Amino acid sequence: MEYAVRAACRVTYRNLPAVMKKIIELKQVYKAYPQAGSLQTVLHDINLQIFPGEFVAIVGPSGNGKSTLLNLLTGIDHPSSGQVIVNGMALQNLSNEKLTQWRGANLGIVFQFFQLLPTLSLLQNVVLPMDFHGKLPKPQRQQRAMQLLDRVGLADAFDRLPSQVSGGQQQRAAIARALANDPPLIVADEPTGNLDAATSDDVFDLFAHLRDQGKTLVMVTHNEVLANAASRKLEIRCGRIHTDTPAQAV
Ligand code: ADP
Ligand code: MG
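Chemist: Go over the nonpolar core with me, naming the residues and quoting the values.
Modeler: One finds Leu122, Leu149, Ile175 and Phe207 to be the most contacted residues of the largest nonpolar core, which totals 40 residues. Of all elements in the fold, only β3 (55–59), α4 (122–133), α5 (138–151), α6 (167–178), β7 (185–189), α7 (197–212), β8 (216–220) and α8 (224–229) reach the threshold of two or more residues within this core.

Below is the structure:
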């Protein structure tokens, strides 16, 4: 049965129109890497549809293809065969330059190790995607970055370098950065994987808030609480979608 049809039976989906635009679609996607002189297939025949407003948790053992799958959704990597269509764009049709532009407008990405630029303040890190994107007039960028830092509880730390704040604060700044251009889709790869339990809770609250705002979230996580806050859980095993289930909403 189509996922949307199954999901339509659940409270979370009750208000969705019967025919929905997909925000992510993968069709017959394979990914192979050259390893030890041969090709190792790490994703096999992935067919997936994700709809606007879904919060999808991707779970599964290490080394089974979760990050590879996320990297295909962001265009950081390309499939060996098959199609990846995100927000109406077939990513394989874009040049690297166009892909970077497209990503800036459509995606916020949050990584396990934050990946803030170490020589820039938190504020400058959040302004940077706005500078690349160039849509918001320059004088308004700092103001928006301050609002975003305020939203993640970091207004007082705006002028600090990443190395001068905790891991949890760096991740919150990275979430502010992901929201810089107000993308419809946020993709995160183990965003609490490097945080202790208390700081994970803060980061969790931010994602729950984004979910409530109707952002589409796709997140690899080993954190069960985070996974259970999702509207849908995809389990990846051996490079395949092993299970695809509506998760229990918190
Ligand atoms: P997960 O995120 O589930 O831990 P990954 O997607 O990172 O797993 O990796 C899946 C498999 O693909 C692993 O066997 C890994 O070694 C392999 N792999 C990932 N990236 C590359 C790469 N750039 N080159 C070669 N092999 C890779
Ligand atoms: Mg991974």
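Chemist: An account of the environment of glutamine 83 is needed here, citing residue identities and associated values.
Modeler: Mapped onto the fold, glutamine 83 is located in strand β4 (residues 81–86). Among all residues touching glutamine 83, those that are not within four sequence positions of it are Glu25, Leu26, Lys27, Val29 and Gln92.

Chemist: Help me get a handle on empty space enclosed by the protein, residues and values and all.
Modeler: Evaluation of the coordinates by the stated rule reveals one cavity of 30 Å³ or more. Leu148, Arg151, Val152, Ile175, Leu179, Leu206, His209 and Leu210 together form the lining of the largest cavity. Of all the elements in the fold, those that place two or more residues in the lining of the largest cavity are α5 and α7. The leading source of residues in the lining of the largest cavity is α7, at three residues. Its residues assigned to classes, the lining of the largest cavity shows six nonpolar, one polar and one charged.

Chemist: Give me the site of ligand 1: which residues, what numbers.
Modeler: The environment of ligand 1 is formed by Tyr33, Gln35, Val42, Pro61, Ser62, Gly63, Asn64, Gly65, Lys66, Ser67 and Thr68. Between ligand 1 and the protein, one listed contact pairs an oxygen atom with a backbone N or O atom of glycine 63 at 2.6 Å. Elements with a contribution of two residues or more to the shell around ligand 1: β1 (24–35) and α2 (66–73). Looking at which element gives the most residues to the shell around ligand 1, the answer is α2, with three residues. Tallied by class, the residues present in the shell around ligand 1 amount to three nonpolar, seven polar and one charged.

Chemist: Provide a residue-level description of the sheet that holds strand β10 (residues 240–245), including the pertinent values.
Modeler: Spatial ordering of the open sheet is given by β6-β7-β8-β3-β9-β10, a layout of six strands whose pairing is mixed. The sheet is open, and its two borders are formed by β6 (107–110) and β10, each paired with just one other strand. Across this sheet, the average inter-strand angle for adjacent strands is 15°, counted without regard to direction. Inspection of the sheet shows β3 paired to β8 by four bridges, in the parallel sense. In the sheet register, isoleucine 58 faces β8, and the bridge partner there is valine 220. Across the face of the sheet, helix α3 (residues 96–106) comes into contact with β6 and β7 while running at roughly 85° to β6.

Chemist: Which residues make up the pairing of β4, and what are the values?
Modeler: With five bridges connecting them, β1 and β4 associate as antiparallel partners. Within the sheet, the bridge partner assigned to tyrosine 30 lies in β4 and is serine 81. Connecting β4 to the antiparallel partner strand β5 (residues 89–90) that follows it, the hairpin turn spans two residues, and asparagine 87 within it adopts a positive phi of roughly 50°.

Chemist: Which residues make up the pattern of salt bridges, and what values go with them?
Modeler: Under the defined criterion, the tally for this structure stands at eight salt bridges. Of the charged contacts, one joins glutamate 54 and arginine 232 as a salt bridge, the two residues approaching to 3.0 Å between their closest N and O atoms. One end of the pair, glutamate 54, is in the loop between β2 (38–50) and β3; the other, arginine 232, is in strand β9 (residues 232–237), with 178 residues separating them in the sequence. Relative accessible area serves as the criterion here: at 2%, glutamate 54 is assigned to the buried category. Close ionic contact of aspartate 131 with arginine 141 constitutes a salt bridge, the shortest N to O distance being 2.8 Å. Highlighted residues: aspartate 131 in helix α4 and arginine 141 in helix α5, separated in sequence by 10 residues. Three or more residues joined by partner-sharing salt bridges are found here, namely Glu54, Arg232 and Asp244.

Reading guide: rules and limits
Residues numbered from 1 in each chain as written. Chains lettered and ligands numbered in written order. Predicted model: local features only at pLDDT ≥ 70, side-chain atom pairs only at ≥ 80, totals over all residues. Heavy atoms only, no water. Core = buried A, V, L, I, M, F, W, Y, C linked by side-chain atoms within 4.5 Å. Buried < 20%, exposed > 50% of the residue type's maximum accessible area, 1.4 Å probe, protein only. Helix = DSSP H or I, 4+ residues; strand = E, 2+ residues; numbered from the N terminus. Contact = heavy atoms within 4.5 Å. 1 Å grid on protein atoms, 1.4 Å probe; cavity = no way out; pocket = protein on both sides within 12 Å on 5 of 7 lines; lining within 4 Å. Points joined across faces, edges and corners; volume = space filled by probe spheres on them. Nonpolar A, V, L, I, M, F, W, Y, C, P; charged D, E, K, R; others polar. Near = heavy atom within 4 Å. Polar contact = N/O pair within 3.5 Å; in protein donor to acceptor, adjacent residues only side chain to side chain. Pairing = 2+ DSSP bridges. Axes fitted to C-alpha atoms, helices over the stretch in contact; angles between N-to-C directions. Salt bridge = Lys/Arg side-chain N within 4 Å of Asp/Glu carboxyl O.

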